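# Fold and geometry: a report
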Amino acid sequence: MSSTPDRPPLKWSTQFDVLPPEATPPLRGDKIILPPSALEQLLSAATVTVSNISQPATANFDPYNPYSFAAERHAREQMVEQQQNLPHPLTFRLVNPANGRIVFAGIREFSAAENVVGLSSFLRQSLGFGGEKGPEEVSGIDHDMEVNRSGVQEADGTFPRLTVHVQEIPKGTYVKLRPLEAGYDPEDWKALLEQYLRDNYTTLTNGEVLAVPAGKEVFRFLVDGLKPNQEAISLVDTDLEVDIEPLNEDQARENLQKLVQKSKRAPGTSEGSSAGGTVDANTNDTGQVRPGEYVDYSLEQWDKGRDLEFELTALDNDKDIDLFVSPFGANHRSKPREEEFVFGDFSSRATKRVKIRHTNADLDNAEALWMSVRGYGESDRDAQGQAPLQYNFRVSSIDGLSISNQDDTTMNDDEPIGPDEERCTNCHQAVPKRTMFLHQNFCLRNNILCPHCHLVYQKSSSEWQNHWHCPHDSFHGNTLSSHTKHDSLMHTSRSCPSCDYEAANTPDLAHHRTTTCPGKLILCQFCHLQVPQQGSEDPSSDSAEVILSGLTPHELSDGARTTECHICSKIVRLRDMSTHLKHHDLQRLSRSKPRLCGNVNCGRTLDGVNKGGEVKVKGPRNDLGVCDVCFGPLYVTMYDPDGKALRRRVERKYLTQLLTGCGQSWCRNGYCKTGRRNTGTAAESQSTSSKEALAMIKPILEGLKEGNVPMHFCTDEASQKRRCLAEMVAAEGDQSRKGKAKERQNMTENSGYEPEWCVASLEATGGDLDKARGWLRDFAPTRAEAAK
């Protein structure tokens, strides 16, 4: 037993009556249910007094002074804390006093009635209480039980007793398992074992038997070695090394033989099924499949505006091969199988067809289509020695197909006949009139017409001897195996392995497992994991909230978690995030476009923006239409109603730039001596004369009289850099409009923004290009959106 260094070992034990199986809630693995009073007793037993006082609690403490000693004692009592700290995980040691059997268990919940304990079927078998067998129970192991095996009351009206001790056990590092049957392959049980232990077990007890269900098959393992504790280990938050060893040499030898045989029949080998793989919408392929196995194909790309037809033909008419098709997407993650498919054809015809219209609702949001070819075998044992079944598989994409699976062998009496022909009353074939007498004598003597399907058979043929029609539907066939298959699939009730649903037949079960079954696998849009659509603690699948939300029960429960909106930093539920972001889209589309500074070299706006996308539209700033930073050198406190003084200051500003220059190495201003030299417009030794400068300035000054004209003032390096980056981002949208349609679809979301928004994004993010692109996506409308 282990314990944390700051807490002494937890000690608690008591005896309970064992609930009978019919009164116990469904439990799996090693879980138990205790009464609420047990939790109160555990918390009381876990109360720890903590006192880490190493120094005197009072300033004037004198151990020889009774007054200061009393004050010190009172202060220490106030500083003592009591903590209730239960170990994690909480594990128990269960003992059956009648036979001495011991097993460790984890807690499920504290909801049982007083003085009783609920046990899973695994714990009942391990402790010798018997009861109904669950999926993890093992037959064929003699426990020599001497107590009540039925799990019900004793003859005197009492229930069997169980002693429960709380006991901490160390985290496991190693476990050795021995399979109870030969032929287990690591690729079969490895993932199943990991998931089953994680979902159902808190502990492992040495000597117990694990039964891991895998569909119709159950893998059984004996726990035959644990580390670091030989008695039991904990499985919570630990990396466990698993070693698989056979029970004896005979089983090891049999394992090797089965693995060798399995390798010979591996997919892709001459004796095994075909490997399958990805196909296109115009595939015509041949392959083979062993009876009882599946060959899986996937169709990932097809024309969504055309219908699809899948055709499977058995090359040997005596063999039966089935075809199943299922869409693969977020709401359906399983490959099509006999008891889990959306579209299928398992009739008795040699050619199976599945036809799907492009308007079918099952294809909505489908990422791909999975097709499975199954070789039918009457039993798995008989299928082991049979040769692979040969088939031809064809996929075609066509327009306006006729959704009909009419039997190709059905005779058509409406076919036109010639003027010299007439139709035989027995076989309904067109026969020349001159030979009709001879034909009918031969036909009536050797052939017979089925009155139900109107097919003609030879009276002595095996097809007619084994010909059958189902009295409950329109299916028919010519072999005993097809009759057995039809009764098994269409007229035999099936139980869903994931819930309590009882289906009348296999198609009914397949529909249930691909629609409303709680165990249907989906890709959760919130946790991005492949999970069942409805867990044990999820809302009911038929609740009003599930129906109105359009989510699966798991997504409705998982979507209740909250996260922070990356735009407004508000805390929003995951399932409400899409609606929340739509509000941001409405705000983004309704925002007024910011006004740029009239200085073509400046990377600022007149109104100002913030990181949250807010644009505060203000009135005119000045007569030049530039920002306050650019207008600052021209500002004077004088009355100038006609703007003559302002134009003179602008003229002096331009003359200073053109004749003297700003002297900054980053300047790229075409109306600045330094900028012209930096850009190569003017040579180093060449200077602009006053006459040339006045000629360049004259159009700008004349434009000031009529209204705002672009200014060309020198600015700081950061502002000029932002303006250059903004022009680059805006040009990306211009190039995307010129490119091809497919290339436009591949452009990033930030392309196609007006220059005003590009300048505002760089101003709000301090010139960071990556952050500016994100700002545009969150707060700025694109050109296409603004044009609507």
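In what follows, the structure referred to is the one given above.
Everything in this summary refers to the structure shown in the same document. (Residues numbered from 1 in each chain as written. Predicted model: local features only at pLDDT ≥ 70, side-chain atom pairs only at ≥ 80, totals over all residues. Heavy atoms only, no water.)

## Brief notes about the overall build of the chain
When helices and strands are tallied, the chain shows 22 helices and 35 strands. Burial analysis of the chain (788 residues in total) assigns 42% to the buried set. Counting only contacts in the chain whose residues sit at least 6 apart along the sequence, the fraction spanning at least 24 positions is 62%. Carbon and sulfur atoms make up 48% of the accessible area of the chain, which totals about 43400 Å². (Helix = DSSP H or I, 4+ residues; strand = E, 2+ residues; numbered from the N terminus. Buried < 20%, exposed > 50% of the residue type's maximum accessible area, 1.4 Å probe, protein only. Contact = heavy atoms within 4.5 Å. Areas by Shrake-Rupley, 256 points an atom, 1.4 Å probe, with all protein chains shown as cover.)

## A word on the sheet that holds strand β21 (residues 351–356)
The strand order β16-β23-β18-β21 describes an open sheet built from four strands, whose pairing is antiparallel. Looking at which strands have only one partner, the edges of the open sheet turn out to be β16 (282–289) and β21. Here the average twist between neighbouring strands, direction ignored, is 15 degrees. (Pairing = 2+ DSSP bridges. Axes fitted to C-alpha atoms, helices over the stretch in contact; angles between N-to-C directions.)

## Looking at the state of the cysteines
With the rule as written, the count across this model stands at zero disulfides. As a non-bridged cysteine, Cys-443 has Cys-427 as the owner of its nearest cysteine sulfur, 3.9 Å distant. With relative accessibility at 1%, the residue Cys-443 sits in the buried group. Cys-630 forms no disulfide, and the closest cysteine sulfur to it belongs to Cys-627, at a distance of 3.6 Å. On the accessibility criterion, Cys-630 (7% relative accessible area) is buried. (Disulfide = S-S within 2.5 Å.)

## Remarks on unusual backbone geometry
A cis amide bond, omega -5 degrees, links His-88 with the succeeding residue Pro-89. You can see Pro-89 is positioned in the loop between β4 (81–84) and β5 (91–95). Along the chain, Lys-227 connects to Pro-228 via a cis peptide bond; the corresponding omega equals 10 degrees. As for its placement among the helices and strands, Pro-228 is situated in the loop between β12 (217–227) and β13 (232–234). Its identity is not glycine, yet His-428 carries a phi of approximately 65 degrees, on the positive side. At Ser-569, a position not held by glycine, the phi torsion is positive, near 65 degrees. Its location among the elements puts Ser-569 in the loop between β34 (562–564) and β35 (571–573). Judged by its relative accessible area of 46%, Ser-569 is partly exposed.

## Topic: the sheet that holds strand β19 (residues 321–329)
Pairing is mixed across the open sheet formed by five strands, whose spatial order is β15-β17-β22-β19-β20. Strands with a single pairing partner mark the edges of an open sheet, and in this sheet they are β15 (277–279) and β20 (343–345). Between one strand axis and the next, the sheet turns through 25 degrees on average, direction left out of account. With three bridges joining them, β19 and β20 adopt antiparallel strand pairing. Each residue of the ladder has a partner; that of Phe-324, found in β20, is Gly-344.

## A short note on the pattern of salt bridges
Side chains bearing opposite charge may pair, as long as their charged atoms lie close to each other. The full count for this structure, using the stated rule, is 31 salt bridges. For Arg-353, the salt bridge goes to Glu-309, with nearest N and O atoms at 3.7 Å. With Arg-353 in strand β21 and Glu-309 in strand β18 (residues 307–314), the pair connects residues that are 44 residues apart, well separated along the chain. Judged by its relative accessible area of 11%, Glu-309 falls in the buried class. By sharing partners, the salt bridges in this structure join Asp-320, Asp-322, Glu-338, Glu-339, Lys-352, Arg-374, Lys-485 and Arg-494 into a single network. (Salt bridge = Lys/Arg side-chain N within 4 Å of Asp/Glu carboxyl O.)

## Notes on the pairing of β19
Burial analysis of β19 places nine of its nine residues in the buried class, which makes it a mostly covered element. Alternating residues of β19 divide into Ile-321, Leu-323, Val-325, Pro-327 and Gly-329 and Asp-322, Phe-324, Ser-326 and Phe-328, and every residue in both groups is buried.

## Topic: the packing of aromatic side chains
Summed over the entire model, instances satisfying the criterion amount to 14 aromatic pairs. Where Phe-328 meets Trp-370, the ring centres are 6.1 Å apart and the plane angle is 75 degrees; that geometry is what we call edge-to-face. Taken together, the positions of Phe-328 in strand β19 and Trp-370 in strand β22 (residues 366–375) put the pair 42 residues apart, joining distant regions of the chain. A single burial state applies to Phe-328 and to Trp-370, both of which are buried. A ring pair is formed by Phe-341 and Phe-346, whose centres lie 5.9 Å apart and whose planes are at 80 degrees; its orientation type is edge-to-face. Grouping residues by exposure puts Phe-341 and Phe-346 together as buried. One aromatic cluster in this structure is built from Trp-12, Phe-16 and Phe-92. Geometry around Tyr-376 places Lys-485 over its ring, the cationic atom sitting 4.9 Å from the centre. The ring of Phe-713 has Lys-653 lying over it, and the distance from NZ or CZ to the ring centre is 6.0 Å. (Phe/Tyr/Trp six-rings, centres within 6.5 Å; stacked < 30°, edge-to-face > 60°. Lys NZ or Arg CZ within 6 Å of the ring centre and 35° of its normal.)

## With respect to helix α10 (residues 506–513)
Along α10, the positions that sit buried rather than exposed are Thr-506, Leu-509, Ala-510, His-512 and Arg-513. Each buried residue of α10 lies within a common arc of 160 degrees when the element is viewed along its axis, so the set occupies one face. For α10, the secondary structure elements touched by its buried residues are α9 (480–490), β30 (494–495) and β31 (502–503). You can read the cap of α10 off the contacts: a side-chain oxygen lies 2.9 Å from the backbone nitrogen of Asp-508, and it is on Asn-505. (Arc of directions from axis to C-beta. Polar contact = N/O pair within 3.5 Å; in protein donor to acceptor, adjacent residues only side chain to side chain.)

## Examining the side chain of Ser-761
In this structure, Ser-761 sits in helix α20 (residues 755–764). For Ser-761, a relative accessible area of 1% corresponds to the buried category. Apart from the residues lying within four places of it in its own chain, the contact partners of Ser-761 are Ala-772, Trp-775 and Leu-776.

## So, a positive patch on the surface
A contiguous patch of positive charge, built from Lys-644, Arg-648, Arg-652 and Lys-705, is present on the exposed surface. No other element matches the three residues that helix α15 (residues 644–659) contributes to the positive patch. Following the sequence through the fold, Lys-644 ends up in helix α15. (Patch = residues over 30% accessible without salt bridge, like charges linked within 9 Å, V, L, I, M, F, W, Y side chains within 5 Å. Lys, Arg positive; Asp, Glu negative; His and termini not counted. Charge placed at Lys NZ, Arg CZ, Asp CG, Glu CD.)

## Some thoughts on the environment of Glu-340
In this structure, Glu-340 sits in the loop between β19 and β20. Note: C-alpha distance between Glu-340 and Phe-324 (16 residues apart in sequence) is 8.9 Å. Not counting chain neighbours up to four residues away, the residues in contact with Glu-340 comprise Ser-326, Ser-334, Lys-335, Ala-510, Arg-513 and Thr-514. In terms of polar contacts, Glu-340 uses its side chain to reach the side chain of Ser-334, at 3.3 Å. At 3.5 Å, the side chain of Glu-340 forms a polar contact with the side chain of Arg-513.

Treat this as a map of the structure, not an account of what it does.
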